[in-house]
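Examination of the molecular architecture
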Amino acid sequence: MKKTLTILGFLVVFPAGGALADDDCFVPMADWQPRDAVARLAEENGWTVRRIKIDDGCYEIDGRDAEGRRIEVTVHPATLQVIEVEYEDEDDRPRRDREGGDDD
């Protein structure tokens, strides 16, 4: 499952290149996808949503992944591309998976 998520992460983030290296999203509200579309994205990825909020101009999903781990996912509001996935490890230290990161 971890391999599948890693591959999915690269496919989602890789085409964006360096343009999404920053966590901030600068998109006019008129160009945003609706919150329901973000909820569908989470459902398609097997995530259980606790809440969807806006942070630094991006959507942020707080919830759990398909394996029950706590996650925080940053999503581009216009394209719904996943910018960052942050996992809470067993010892409660966050682990971030980002484009260009050194994680597995």
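I will try to describe carefully the structure that is included in this document. Please read all numbers here as calculations on a predicted model, not as lab measurements.

Rules behind the numbers
- Residues numbered from 1 in each chain as written.
- Predicted model: local features only at pLDDT ≥ 70, side-chain atom pairs only at ≥ 80, totals over all residues.
- Heavy atoms only, no water.
- Salt bridge = Lys/Arg side-chain N within 4 Å of Asp/Glu carboxyl O.
- Helix = DSSP H or I, 4+ residues; strand = E, 2+ residues; numbered from the N terminus.
- Buried < 20%, exposed > 50% of the residue type's maximum accessible area, 1.4 Å probe, protein only.
- Phe/Tyr/Trp six-rings, centres within 6.5 Å; stacked < 30°, edge-to-face > 60°.
- Disulfide = S-S within 2.5 Å.

So, about the pattern of salt bridges. This structure, assessed with the given rule, holds four salt bridges. With a shortest N-O distance of 3.1 Å, Asp 62 and Arg 51 are connected by a salt bridge. Here the residue Asp 62 occupies a position in strand 2 (residues 58-64), and Arg 51 occupies one in strand 1 (residues 48-55), the gap between them amounting to 11 residues. On the accessibility criterion, Arg 51 (39% relative accessible area) is partly exposed. A single salt-bridge network, built from bridges that share partners, covers Asp 65, Glu 67 and Arg 69.

Evaluation of the coordinates by the stated rule reveals one aromatic pair. Ring geometry for Trp 32 and Tyr 59: centres 5.0 Å apart, planes at 65 degrees, overall edge-to-face. Of this pair, Trp 32 sits in the loop between helix 1 (2-13) and helix 2 (35-44) while Tyr 59 sits in strand 2, placing them 27 residues apart in sequence. Residue classification places Trp 32 among the buried residues on the basis of a relative accessible area of 13%.

A separate point is the state of the cysteines. Following the criterion strictly, the structure yields one disulfide and no others. The disulfide that involves Cys 25 links it to Cys 58, with 1.9 Å between the sulfurs. Disulfide Cys 25-Cys 58: the torsion about the S-S bond is 95 degrees, which places it as right-handed. Of this pair, Cys 25 sits in the loop between helix 1 and helix 2 while Cys 58 sits in strand 2, placing them 33 residues apart in sequence. Note on Cys 58: relative accessible area 0%, which makes it buried.

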